[in-house]
Structure formats: structure tokens, C-alpha cells
Amino acid sequence: MLGSTRATTKAIATGTPRRVMEAVEITASPAPIRGVTVKRKVSTSTLSQSTTARNVRPRADPASTATGKAPPTTRTTTTRKTAPPATRPTATRAASARAPAVAPRTRPATSSATATRKGATAATKTLAGTARTAKVTGAPAESADTEDKSQDSGRPKIKKRPAWDTKGRLEDMEQLMGFLKEQIKQSNTSMTDMHEKLSESEAKIDELESFRKNLEDRVEVKEKENHEINQRASELEHKLEALQARNEEDMKRVKLQYEDELLAVSREKERILREKEDVLNDLARTRESLKQEEDTNIQLRNTISTQSANCLQLESDQRALKNTLETTEATLRLRESRIAELEKLLEETNCTVASLESKLMEEETQRRKLHNTIQELKGNIRVFCRVRPLLGAELSDDMSHISFPDDGKSIELFQSQTSADGSKTTSKSFPFQFDKVFQPGVSQAEVFEEISQLVQSALDGYPVSIFAYGQTGGGKTFTMEGPDHPTHENMGVIPRAVLQIYQTANLLKEKGWEYTMEGQYVEIYNETVHDLLGDGILSSKHEIRHLPNNKTVITDITTVSLNTPDKVSELMKKAGQNRAVAATQCNDRSSRSHSVFTLRLTGTNSLTGEVSEGVLNLIDLAGSERLSSSKSTGDRLKETQAINKSLSSLGDVIFALANKENHIPYRNSKLTYLLQNSLGGNSKTLMFVNISPLSTNFGETLCSLRFATKVNNCQIGTARKVIK
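Small disclaimer: the values here were computed from a predicted structure and weren't measured.

Draft legend 1. Seen up close, the overall build of the chain. If you tally the helices and strands in the chain, you get 15 helices and 18 strands. A burial count over the chain gives 36% of its 724 residues as buried. Relative to all contacts within the chain whose residues are 6 or more apart in sequence, the contacts with residues 24 or more apart total 72%. A total of about 44,100 Å² of accessible surface is found on the chain, and carbon and sulfur atoms cover 53% of it.

Draft legend 2. Broad picture of the UniProt feature "binding site: ATP" (unreviewed entry) in the chain. In the numbering used here, UniProt assigns the "binding site: ATP" (unreviewed entry) feature to Gly 470, Gln 471, Thr 472, Gly 473, Gly 474, Gly 475, Lys 476 and Thr 477. When near neighbours in sequence (up to four residues on either side) are disregarded, Gln 471 contacts Lys 476, Gly 623, Ser 624, Asn 690, Ser 692, Asn 697, Glu 700, Thr 701 and Ser 704. Along the chain, the position of Gly 473 falls in the loop between strand 8 (463-470) and helix 8 (476-480).

Draft legend 3. Structural detail: the pattern of salt bridges. Taken as a whole and assessed by the stated rule, the structure comprises 13 salt bridges. Across the pair Glu 235 and Arg 232 runs a salt bridge whose closest N-O atoms are separated by 3.6 Å. Separated by three residues within a single helix, Glu 235 and Arg 232 lie in helix 6 (residues 166-378), roughly one turn from each other. Given a relative accessible area of 41%, Glu 235 falls into the partly exposed group. When its relative accessible area of 42% is taken as the criterion, Arg 232 is described as partly exposed. In this structure, the salt-bridge partner of Asp 282 is Arg 285, at a minimum N-O distance of 1.8 Å. Here Asp 282 pairs with Arg 285, and both are found in helix 6, just three residues apart, close to one helical turn.

Draft legend 4. Representation of the packing of aromatic side chains within the structure. As enumerated under the stated definition, the model contains seven aromatic pairs in all. Taking the centre distance of 5.9 Å and the plane angle of 75° together, the rings of Phe 384 and Phe 688 count as edge-to-face. Residue Phe 384 is found in strand 3 (residues 382-387), and its partner Phe 688 is found in strand 18 (residues 684-691); the two are separated by 304 residues along the sequence. Each member of the pair, Phe 384 as well as Phe 688, carries the same accessibility label: buried. Above the ring of Tyr 462, the side-chain terminus of Lys 684 is found at 4.0 Å from the ring centroid.

Draft legend 5. Representation of the pairing of strand 6 (residues 425-433) within the structure. With nine bridges joining them, strand 5 (residues 410-418) and strand 6 adopt antiparallel strand pairing. Its bridge partner being in strand 6, Ile 411 is matched across the sheet by Phe 432. Hairpin connection from strand 5 to strand 6: six residues lie between these consecutive antiparallel strands, with Gly 422 at a positive phi of about 75°.

Draft legend 6. Representation of helix 9 (residues 493-508) within the structure. In this model, helix 9 (16 residues) spans 22 Å end to end at C-alpha, consistent with the 22 Å of a helix rising 1.5 Å per residue. With 12 of 16 residues buried, helix 9 is to be regarded as a mostly interior element. Considered for burial, the residues of helix 9 that qualify are Val 493, Ile 494, Pro 495, Arg 496, Ala 497, Val 498, Gln 500, Ile 501, Tyr 502, Thr 504, Ala 505 and Leu 508.

Draft legend 7. Quick peek at the side chain of Asp 620. Examined against the element boundaries, Asp 620 turns out to sit in strand 17 (residues 611-620). A polar contact of 2.7 Å, which involves the side chain of Asp 620, links it to the side chain of Thr 477.

Draft legend 8. Summary view of unusual backbone geometry. Unlike most non-glycine residues, Asn 526 shows phi in positive territory, near 55°. Take Asn 526: it is sitting in the loop between strand 9 (513-525) and strand 10 (528-531). Residue Asn 526 is classed as partly exposed on the basis of its relative accessible area, which comes to 23%. Despite not being glycine, Asp 556 has its phi angle at roughly 55°, a positive value. Note on placement: Asp 556 falls in the loop between strand 12 (552-554) and strand 13 (560-561). Judged by relative accessible area, Asp 556 falls into the exposed class, the value being 63%.

Draft legend 9. Highlighting the packing of helix 7 (residues 444-459) against helix 9. Where helix 7 meets helix 9, the closest approach of the two axes is 9 Å, and the angle between their N-to-C directions is 50°. One element, helix 7, and the other, helix 9, form an angle in the oblique class. In the packing of helix 7 onto helix 9, the handedness of the crossing is right-handed. Only Val 493, Arg 496, Ala 497, Gln 500, Ile 501, Thr 504 and Ala 505 of helix 9 make contact with helix 7, whose side of the interface consists of Gln 444, Ala 445, Phe 448, Ile 451, Ser 452, Val 455, Gln 456 and Leu 459.

Draft legend 10. Broad picture of the confidence of the model for the chain. Averaged over the chain, the pLDDT score is 75; the fraction of residues at 70 or greater is 72%. Note that residues 1-151 has pLDDT below 50 and, in this model, 260 contacts with residues that lie over four places away or in other chains.

Draft legend 11. Layout of the pairing of strand 10. As defined by bridge partners, strand 9 adjoins strand 10 across four bridges and the pair is classed as antiparallel. Among the inter-strand pairings, Tyr 525 is bridged to a residue of strand 10, identified as Thr 528. The antiparallel pairing of strand 9 with strand 10 creates a hairpin that spans two residues between the two strands, and Asn 526 there sits at a positive phi of about 55°.

Draft legend 12. How the structure looks around the packing of helix 9 against helix 10 (residues 565-578). Close contact between helix 9 and helix 10 brings their axes to 10 Å; oriented N to C, the two are set at 160°. Put simply, helix 9 runs roughly antiparallel to helix 10. Here helix 9 runs over helix 10; the crossing is right-handed. Counted together, Ile 494, Pro 495, Val 498, Leu 499 and Tyr 502 of helix 9 and Pro 565, Val 568 and Met 572 of helix 10 form the full contact between these two elements. Class assignment of the residues belonging to the contact of helix 9 with helix 10 gives a composition of eight nonpolar, no polar and no charged.

Draft legend 13. Representation of the sheet that holds strand 6 within the structure. Strand order in the open sheet formed by three strands is 4-5-6, and the pairing between neighbours is antiparallel. The open sheet has two free edges, formed respectively by strand 4 (402-403) and strand 6, since each of these has just one partner strand. Bridging between strand 4 and strand 5 involves two bridges; their strand directions are antiparallel. Across the sheet, residue Ile 402 finds its bridge partner in strand 5, namely Leu 413. Relative to the sheet, helix 15 (residues 698-712) contacts strand 5 and strand 6, its axis offset from that of strand 6 by approximately 35°.

Criteria and cut-off values
Position labels on residues start from 1 in each chain and follow its written sequence. Confidence filtering applies because this is a predicted model: local features only for residues at pLDDT of at least 70, side-chain atom pairs given and counted only at 80 or more, and all residues used for totals across whole chains, interfaces and linings. Heavy atoms from the whole structure form the basis of all side-chain values; hydrogens and water molecules are not counted. Only runs of H or I of at least four residues qualify as helices and only runs of E of at least two qualify as strands under DSSP, and these elements are numbered from the N terminus. Each residue is placed in one exposure class: buried if its accessible area under a 1.4 Å probe, protein chains only, is under 20% of its type's maximum, exposed if it is over 50%, and partly exposed if it falls in between. The contact rule is simple, with two residues in contact once any of their heavy atoms fall within 4.5 Å. Residue-level accessible areas treat just the shown protein chains as cover; the underlying method is Shrake-Rupley with a 1.4 Å probe. UniProt positions are given in the numbering used here, feature names are shortened, and annotations may be inferred rather than shown by experiment. The salt bridge definition used is simple: a Lys or Arg side-chain nitrogen within 4 Å of an Asp or Glu carboxyl oxygen. Between rings of Phe, Tyr and Trp, where Trp is taken as its six-membered ring, a pair exists when centres lie within 6.5 Å; planes separated by under 30 degrees are stacked, by over 60 edge-to-face, and by other angles tilted. Whether a charge sits over a ring depends on NZ of Lys or CZ of Arg being within 6 Å of the ring centre and within 35 degrees of the ring normal. Any two strands are treated as partners once DSSP identifies two or more bridges connecting them. A helix is expected to span 1.5 Å for every residue after the first. Whenever two N or O atoms come within 3.5 Å, that pair is a polar contact, provided that in protein one can donate a hydrogen and the other can accept it, and provided that, for residues adjacent in sequence, both atoms are side-chain atoms. Fitting a line to C-alpha atoms yields each axis, with helices limited to the stretch in contact; the angle taken between N-to-C directions then spans 0 to 180 degrees. For classification, angles of less than 35 degrees are called roughly parallel, those exceeding 145 degrees roughly antiparallel, those between 65 and 115 degrees roughly perpendicular, and all remaining angles oblique. For a crossing to be left-handed, the near helix must be turned anticlockwise from the far one by less than a right angle; the clockwise case is right-handed. pLDDT expresses, on a scale from 0 to 100, how confident the predictor is about each individual residue. Basically, the charged four are Asp, Glu, Lys and Arg, the nonpolar ten are Ala, Val, Leu, Ile, Met, Phe, Trp, Tyr, Cys and Pro, and anything else, Gly included, counts as polar.

So, in C-alpha cells, the structure goes:
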């Protein structure tokens, strides 16, 4: 039978990493087998890094033991083609086990561990060197004489027979043949066992190799941890030194503080002793006062006896008052029940009033819609009159020359005239009627509520124009834009109109409408068009052009996409900074130009395929003023002349429209040429006439109202909706 590598198997089974495979040898079976040669596998020791071949002695066969002769075996050693070198874990484990412990904060220990790991790796490579494998190969047959010399305990004894004893020799041969078959069977069983043990050894080697890799990883981690611990220890030493120094300083400071406190306590003790003396003195005085109080107490007892008689009288009076109180409470309960009934009736009345008010608001909304429809059918320019309130120093003045009838559409001016001799004074009235008249106390929200339906028309695809007219200081810019720092309560028509358009556009998304909005802001200053949203270059020339489809465009004007209401606020702020404003005798912040804000609305309905194009023009005209009142000179004089000229041209256009003349002088000024489609086209147009409440401005107020009456009588045709 073949031998086994008992030492190697025992080393692997016990997990000893020092000598994993010192020698793996496969020897031939004790009985000689013809034609069979066993090749041995020899491996080298990795830790000693030397090659040793240790033969495992074959087990003695009974026959050879009896005769004292060794069985002849033929050994042929061949080298198998080795697999690629693989790192064995045994060497590393052994090296790691032999590595000295790493002391904290010692740098050489880390280098020693690294050298140990490198040595283990080199030993592992040596272990993966050459490997020898056992295999069975054919060999030439040995002579019969050699066979006879091989005697084993289990081999049958063969007698030498004569050549003629063929039968005897045949029996011997059959007996030998049976023995050889049994030996071959046992050899095959041993070979199978050896292959299984070899597989187990290789699996154990792989396991040890994995264990070595884990040890290497742990060594690296421990080295990193050791380095970090050293750094941390150094930092802690520095902190300890700093803490010791700080502790010494604190001890000094506490000692000084303790001395100060001790001094303060001694002073406090002296003060308490002094207070004790004072308290003793007060106690003596208090005893004297107590004696006086006892005398007073006796006197009070005498007074109490007198008051007891009076108390009896008061009790009788109290009983009488109690009876009166019960009568009053009964009366009060009756009145409370009556009040509850009246409150219930009042609640019902309030509900009725709320219902009537709601109905009144609905009817008022319906009235506005019908009124807008009537005005659209008439084709007239709608005119709203607004009187600004008295401000600051003007509060001392009165408004007796202005009257507001109750219909909300009329305004009347009164002028007192004295005869030449002063004996007679007459009062002359000037009544005017418009689509709406706003008194001084009306808020910005109420003003915008009246024009909200007109702003809605821009989303529906109509061209809409709203402009403010009046003398300087009449409140045109406040109506259109609001104050310099507007709030939600006092912002003007322009920001409110844009906000309403955004809110309505979001509601119309449910019906399939999507809107894009673009804004332009220009001014006409001294008959020249300036871009208020541009880069401030005044040399750029802009021309006004009227397209065949009743559209008005201005060349080379900055167009801003308005996605949110906040962008409109930024646009208004920038335009306000660029607009021409100056102080005159009539107004500290007089607008010296006409401003035009244009909002183009393009709507697309994804459900019906409709496309609407609406335009909203919001115009703030410069104020008219008399040179005698403004006393303008220089640039202000030139600006006033240009403003009055353009407003005069506007009056000529209105006069020609009212008289239905064939020629309308739109080209007399840039202002009338820009408003051509608003005044004589298919636009829905509304004019605010802003007047001052001051009696000193009576003449300008009267002229403005007369001009507004002419505008209200102009017919410009019915507005048409632009739908593609």
C-alpha cells in the first residue's frame, strides 16, 4: 500500500502555521508491483526558505519483515508544471505571531511590524514555488530473479518447480495473480485516500492564505490606529501642559479672590456689629412707642362701643336696601329677556342686510358690465374724474367751490363774481357729468375696482388704453403708479392692473389658456422718444410706426418678459429712476415727460386652438401748467413749452374727432401720433382727468374738466377683439 503524508496532514489539522508542508511524499506499497512506479511530490518549507525532501518510510510488509529484506521499489521523481504562485497564509501568520508587540508612541515599532510583514510575504512566495505531484507511470518489467528476492509477509511462498511441472507452475502463477490483484486493489484504495487528503490539505492551505490576508489587513489597521493614537497622545500632552498652566493661573486668581472676599467679610462683620447697636436702640424706642399705642388702644375701644350702636342702625338700613335691590333685580331680568329678543331680531336683520348687500354687489357688478357694454356700443372714450385730497399745508384751505351731487357721476364748480362797484356779488356754477366721479376720500382700490373690467378686456384680446390727464400736481402719477414706495394699499393702476392680469391668467389655465406677457416703458421728452428700460443712452433714435393691423410699435425699444409680478415692480422702479422729473413753482416733483407703459398679452388655448393678442397701454401725461404760474426758465421753460404744445395738439385731435372732421392732425406731436390707435382706432379707451381741490387752481381745474367733456363726447368706433 502507498504511504501518506502524516506529518503534513497533522500540521494542517492542528492549525500549526509554522510548517504547513515540509514534505509530501508518496511511496510505493510494501509489495512490489510490476510496471508501477510512484512519483513523489516534494514541497519546500517557506519559513526556513530551504528545500527539504523528507521521505516517508513505507510500512513494512509481513513477508519482508520475516525475512529481514527490504522490498525493492523503483522511484521516479518528476516535476509537475506549477500553478501561478499563490500567497500562503501560514507564513504571514507565523511571522505575525513572532512579530514583537508595538508599543504606543514608538515609531521604530511600526517599522519592525512592516519588515515582519514583508518577510512573511517573501516566505509565502517561496512556499508557492515548485510542487511535485505523484502519478503512476509505466516502467520496464523486472527480472524474475528480482521478484523472487522480494519477500513480503502477505506474499504466497512459491516453490521452485521443475520445468516439466507445468500444472504446478500454473497453480503458482494463479495464486500470485490473485495476490497481485488484491495488492492493486489496496493500492487504488490508498491512492484515492491520498487524493482526498491532498484536496483537504489544499483547502486548508487556501483557508490559511485567507487568514494571512486578514492578518495583513489587521496589521495595517493597527498601524494606522497606532499612528493616530501617537498623534492623539501628543495632542493630549500639549493640552495637559496648557491645562496645568491654566490651573496655576486659576489657583493664583482664586487665592487673590479669596483674600479679597476675606477682607470684604471682615468689613461686613464690622458693619453688622454697627447695625446691631442701631437695632438695639430702635428696640428701646419701639418699646416706648408700644406703650403709647396701648394707651391709644384703650381710647379706640371706647370709640368702638359708640360705633356699635351706629352699626345697628346701618343694618336696619341695609335690610331696607336689600328689599329695594330684589325689586330692581326682577326688573333687570325682565329687561334682559327683552334685550335677548331684540338681539335675536337684530341678528336676523343683519342676515337680511348682508343678503341684500351681496345682492346689491352682484347687481352693481352687472351694472358695470352693462355700462361697459353700452359704452363699447357707443364707441365713446370713457372719462373718470378724480379729485385729490388736500395735503399738508393745504388743509387750511376749503373746498367750498367744489360740490359733489349724490349720483356719483357729477361734479359742480362754483365761482363768485363781484360787480365793478363792489355792490353786488353773484355765484356762477359750472356743472359737469362724466362716467364716474371720485371724491377726495376714495382709495386706490376703489378707483381700480371701477376699471377692473376694462383691464380684463386686455386678456380677452382687446386693445385697451388708459391715460391720465390734468394740470401739474393733480395726482396723475399717484393714480397711475402710486407713491415712491408703494404698499399693497396705495399702489397705483399700473401695478394693480398687472397683478389682476396675473391672477386671472392663472385661473384661466384650468380652461386651457396659457399667456405670455411682455412689457415696454417709454417717455416722450421734448418731442423725443426715450427708452426708460434701456441702458440710458439718450442718443438712440426711436420711431413710432403704425402697422396695417391697427398695431403701434416703436423701433429699437427694450422689451422685457414679465413672468412674475415682482419683475413688474423692478421694471417700475427702473423706469422711475430714468424718467425726467424736476421741481417747479407748481409742483416739487413735476413729471417733465409723458410716460407710456405697454403690456402685450399673447394667449394660446390648447383645447380650442384659439390665439388672442391683447395690448394694455397705461399712459401718464405730463401736467399742463401756465408759464405765469410755474415761472419756468431755461430747461424748465423748454420742457413746459414742449408739454403744452403736445397737450394742445391732443386738444386739437379731440376737437377734430368731436366734429367728425375728415383730417385728424395726429402728426402734430409725438404724443398724438403715439395715441392714434387709442383715440381713433378700435381700442377700448379710458381717460382719468385729475384735478386739484385748491381754489387757487380754479382756472386750470375748469379747463381740464371742459377738455374731459370734449373727450367724453368723442366717438372712436367699436373695439374689436383680436383672435387668430
